[in-house]
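# Observations on the three-dimensional arrangement
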Number of protein chains: 2
Amino acid sequence: LVDWADEEGARFGRSLMGSAASAGALDAETELAHLVDRQGVKLPDALAENGITLDGMQTARGYFDTLDAVAYLELHIEQGPVLEAMKKPVGVVLGTMGVERYNLRFIGQAAHSGAAPIHLRKDAFLAAAEFALACREISIKYSGKTPRTRVVATCGVVKVEPNFVTAVPGSTEISIDLRALDAKVLKRMLADSQRASQKAAKKHLVKVTWSPLLHITPRLFDETLMKLVRASIKEVTGSAPELPSGPLHDAAEMAAVVPTAMVFAMSSPGISHTRLEDTPVPALDKSIRAFLLTVDRTLEHFAR
Amino acid sequence: LVDWADEEGARFGRSLMGSAASAGALDAETELAHLVDRQGVKLPDALAENGITLDGMQTARGYFDTLDAVAYLELHIEQGPVLEAMKKPVGVVLGTMGVERYNLRFIGQAAHSGAAPIHLRKDAFLAAAEFALACREISIKYSGKTPRTRVVATCGVVKVEPNFVTAVPGSTEISIDLRALDAKVLKRMLADSQRASQKAAKKHLVKVTWSPLLHITPRLFDETLMKLVRASIKEVTGSAPELPSGPLHDAAEMAAVVPTAMVFAMSSPGISHTRLEDTPVPALDKSIRAFLLTVDRTLEHFAR
């Protein structure tokens, strides 16, 4: 049983800190030494309060190897609306999606909303709007009909300048977050969205630049373990729906070093990171039973 | 010759203060008494420093009537790119456009960018993006081929919430500013854009509300005076292009109480309210000569 340090990265911004260290995927000195929380506390000082040092974290992978772990299993809430929409309390997680995240800046020319005729405008916001709608179409184009082939595209940040009622927007910043379980599909989505941004920029006579924010490789879970998860959930609930995980989890780090699988408990409503979200008790009960059954079966499997 | 107080409204936010008072279109007590500038100075105190009172302003219309003015003529920079694009130094202004200005709020549901499948999203920004692009199409649909029938639509303010890279936007505020010289056309543009907002909201499973910001009636200039303006500009420059004014001017207030016309001098670049904008000296020279010729001809006309 493991209690990972700081899956969310809420205090210092670095997610999956404990699991990444244990997987040997974290260079503590380079990635953590400079981090400071909102109250100005340095990460190394916060670690020291708990008897941990950056150097100590570098020994985590070595320690993990001495455990000789045969599998990693994780139970988590879905943080999404898929199971609730299907009216299913528990699901098999296929893996964590890869992420391509960029910030775009469309640069046109601010102008007076009354004085500038439409055909002489260089409206940066309209270009960003076309881009956002095109990205939605791209996500629909690449989404297959199975949970494994579902993809998403999101424009979450939009900042318009000068942001006046009477000004044609001269520049617009917009973020794009693309996710897919299949690395090849993710690559094609990125190429399509880059073309869409060029097309939108051309139509509205503006320029566009791309700045990278984050790149994460998809992590698929272990087929053998997933079979055990599937059978266990089916035994407890009657059916075992499959779904990818859009959010990252500690399981994503573990998947690189040990056979890994995950179970999702239904969220209601599945809107993530809010007190409004809950897992109804019957679904929680079924999830825990299915998870413990998976643990038993995994132990049996590896004892053979 | 008149030097109007505060055409721009830059300090207290109320545009056309002097001309509106002189046209009897300003209720100083109701509209001005409560206004305060960014340094906390009250408008009545700023007036007092210059020997003026709110009560005194209410006498402006009476004073204007004693002048027995026969016409009002104004020379202004275009603040737009039209004359420069036409390579013309001076133009005849047809009138000031009417304005319909609203703030819209699209309300959906914030969700995790990875966890929420596209078909279960209520993305408020995508609805706002569809609305903005539809408004551009509406302005193209209602724009005729003549300067008199040119119309514009602008979304200048866009505010997305929660504005996180990893969040589907739960709500989006967007402004719309519609302008036309023809009041009937303006009304139709507004009805079309209201329908477009409903359609966008429906497509993205969100709600939309409208809040009024500003309503201004179109003000067309005097046909007789425009003939004199046209002839004068033609005499000085060889041709007299016509164009509407998107921005408001003191002439808009005067048009309600006395025959009024305006001359525009070319702006380069025509982007408004920036130090980058200028009127090249040859264009300035021709504008002034055309304006003075108009003044002479107007005096002649009314002396008959």
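In every chain, residue numbers begin from 1 and rise along the written sequence. Naming scheme: in the order in which they are written, chains are lettered from A and ligands are numbered from 1. Only residues with pLDDT of 70 or above have their local features reported here, since the model is predicted, and side-chain atom pairs are shown and tallied only from 80 upward, although totals for entire chains, interfaces and linings are computed over all residues. Remark: hydrogens and water are excluded; side-chain values derive from all non-hydrogen atoms of the structure.

Only DSSP runs of H or I reaching four residues or more are called helices, and only runs of E reaching two or more are called strands; each is numbered from the N terminus. Of the regular secondary structure elements, chain A holds 11 helices and 12 strands. With the C-alpha coordinates aligned to their principal axes, the bounding extent of chain A is approximately 75 × 50 × 35 Å. Three labels apply to residues, based on accessible area from a 1.4 Å probe with only protein chains included: buried if under 20% of the type maximum, exposed if over 50%, partly exposed otherwise in between. For chain A, with 304 residues in total, the buried portion stands at 52%. Here the analysis covers contacts within chain A between residues at least 6 apart in sequence; of these, 76% occur between residues at least 24 apart. In this description, accessible areas are obtained by the Shrake-Rupley approach with a 1.4 Å probe, and a residue is regarded as covered only by the protein chains that are shown. Carbon together with sulfur atoms contributes 55% to the accessible area of chain A, which is approximately 14,300 Å² in total. By the convention used here, residues are in contact when the closest approach between their heavy atoms is within 4.5 Å.

Glancing now at the nonpolar core. The term nonpolar core refers to a set of buried residues drawn from Ala, Val, Leu, Ile, Met, Phe, Trp, Tyr and Cys, joined through side-chain atoms within 4.5 Å. Core analysis: the largest hydrophobic core is formed by 66 residues, its most contacted members being Phe106, Phe125 and Ile174 of chain A together with Phe106 and Ile174 of chain B. Aside from chain neighbours lying at most four places away, what touches Ile174 of chain B is Phe125 of chain A together with Tyr102, Asn103, Leu104, Phe106, Ala128, Phe131, Ala132, Cys155, Val157 and Val158 of chain B.

Bringing the interface of chain B and chain A into the picture now. If you look at the interface, chain B gives 59 residues, while chain A gives 59 residues. When a carboxyl oxygen of Asp or Glu lies within 4 Å of a side-chain nitrogen of Lys or Arg, that pair is called a salt bridge. Counting every contact that joins chain B to chain A gives 0 salt bridges. Residues adjacent in sequence count toward polar contacts only when both atoms are side-chain atoms; beyond that, a polar contact is any pair of N or O atoms within 3.5 Å, and within protein one must be able to donate a hydrogen and the other to accept it. At the junction of chain B with chain A, the criterion picks out 12 residue pairs in polar contact (both at pLDDT 80 or more). Counting residues per element, the side of chain B that touches chain A draws most heavily on helix α7 (residues 124–142) of chain B, at 9 residues. Charged residues are taken to be Asp, Glu, Lys and Arg, nonpolar residues to be Ala, Val, Leu, Ile, Met, Phe, Trp, Tyr, Cys and Pro, and polar residues to be all remaining types, Gly included. Tallied by class, the residues present in the side of chain B that touches chain A amount to 33 nonpolar, 16 polar and 10 charged.

All names here are of chain A. If you check the domain split of chain A, you get domain 1 (1–67), domain 2 (69–97 + 219–304) and domain 3 (98–216). Domain delimitation in this document rests on an assignment produced automatically or drawn from a domain database. Just the C-alpha atoms count here: the centres of domain 2 and domain 3 sit 33 Å apart. Contacts between the two partners involve 14 residues from domain 2, matched on the other side by 11 residues from domain 3. Put simply, buried area is the surface a 1.4 Å probe can reach on two separate parts but cannot reach once they are joined, added for both. Note on domain 2 versus domain 3: buried area summed over both sides is about 1,000 Å², and carbon and sulfur give 64% of it. When the buried area of domain 2 at its contact with domain 3 is split by residue, Leu94, Met97 and Pro244 rank highest and sum to 55% of it. Counting across the domain 2 and domain 3 interface gives 1 salt bridge. The partner of Glu223 in a salt bridge is Arg148, with the nearest N and O atoms 3.8 Å apart.

The subject of this paragraph is the relation of the copies chain B and chain A. Turning chain B through 180° and shifting it by 0.1 Å along the axis lays it on chain A, with an RMSD of 0.1 Å. A rotation of that kind, with that shift, is consistent with a two-fold axis. Every residue of chain B has its C-alpha some distance from the rotation axis, and the shortest such distance is that of Ala129 of chain B, at 2.3 Å. Both copies share a contact surface, since 100% of the interface residues of chain B are interface residues in chain A too. Superposition of the copies used a least-squares fit over C-alpha atoms from residues whose pLDDT is at least 70 in both.

The next point concerns the packing of helix α9 (residues 223–237) of chain B against helix α11 (residues 281–303) of chain B. Working note: a packed helix pair is described by the angle between its axes plus the distance between those axes. Residues and elements named next belong to chain B. All axes are obtained by fitting lines to C-alpha atoms, using only the stretch in contact for helices, and the reported angles, taken between N-to-C directions, cover 0 to 180 degrees. At a minimum axis distance of 8 Å, the contact between α9 and α11 shows a crossing angle of 135°. What the angle tells us is that α9 and α11 run oblique. In this structure, α9 meets α11 at a crossing whose hand is right-handed. When α9 is examined against α11, the residues Thr224, Leu225, Leu228, Val229, Ala231, Ser232, Ile233, Glu235, Val236 and Thr237 are found in contact with a partner set consisting of Lys286, Arg289, Ala290, Leu293, Thr294, Arg297, Thr298, His301 and Phe302. Tallied by class, the residues present in the contact of α9 with α11 amount to 9 nonpolar, 6 polar and 4 charged. We call two directions roughly parallel when the angle between them is under 35 degrees, roughly antiparallel when it is over 145, roughly perpendicular when it lies between 65 and 115, and oblique otherwise. Crossing handedness is defined as follows: a turn of the near helix away from the far one that is anticlockwise and smaller than a right angle gives a left-handed crossing, while the clockwise case is right-handed.

Time to look at the side chain of Glu277 of chain B. Residues and elements named next belong to chain B. Topologically, Glu277 is positioned in the loop between β12 (260–265) and α11. Charge convention: Lys and Arg are scored as positive, Asp and Glu as negative, and His as well as the terminal groups of each chain are ignored. Buried and unpaired, Glu277 has no salt bridge, with Arg275 as the nearest side chain of opposite charge at 11 Å. Dropping the residues within four chain positions of it, Glu277 is found in contact with Ile77, Gln79, Gly80, Ser267, Ser268, Pro269, Gly270, Ile271 and Ser272.

Attention now goes to the pairing of strand β3 (residues 98–107) of chain B. All names here are of chain B. Among the 10 residues in β3, 8 count as buried, and that is most of the element. A strand pair is defined by DSSP finding two or more bridges across the two strands. Sheet topology note: the β3/strand β9 (residues 207–216) ladder contains 9 bridges and is antiparallel. Each residue of the ladder has a partner; that of Val99, found in β9, is Ile216.

Moving on, we come to the state of the cysteines. Residues and elements named next belong to chain A. Cysteine sulfurs are considered disulfide-paired once they come within 2.5 Å of each other. If you walk through the whole model with that rule in mind, you get 0 disulfides over all chains. Cysteine Cys155 is unpaired, with the sulfur of Cys135 as its nearest cysteine sulfur at 5.0 Å. We classify Cys155 as buried; its relative accessible area is 5%.

This paragraph deals with the side chain of Ser139 of chain A. Within the secondary structure, Ser139 of chain A sits in helix α7 (residues 124–142). Overall, the relative accessible area of 0% leaves Ser139 of chain A in the buried class. Not counting chain neighbours up to four residues away, the residues in contact with Ser139 of chain A comprise Val151, Val152 and Ala153 of chain A together with Ile118 of chain B.

Next up on the list: helix α9 (residues 223–237) of chain A. Residues and elements named next belong to chain A. The end-to-end C-alpha distance of α9, which contains 15 residues, comes to 21 Å, matching closely the 21 Å that a straight helix rising 1.5 Å per residue would cover. Leu225, Met226, Leu228, Val229, Ser232, Ile233 and Val236 are the residues of α9 that are buried. What you see down the axis of α9 is that its buried residues fit within an arc of 160°, all on one side. Projecting away from the buried face of α9 at angles above 90 degrees are the exposed residues Lys227, Lys234 and Glu235. Along its buried surface, α9 packs onto β1 (72–77), β2 (90–96), β12 (260–265) and α11 (281–303). A distance of 3.3 Å separates the backbone nitrogen of Thr224 from a side-chain oxygen at the start of α9, and that oxygen is part of Asp222. Downstream of α9 by a residue or two, Gly238 has a phi angle that is positive, lying close to 95°. Each helix should span, by expectation, one fewer than its residue count multiplied by 1.5 Å. What the arc covers is the set of directions going from the helix axis to the C-beta atoms.

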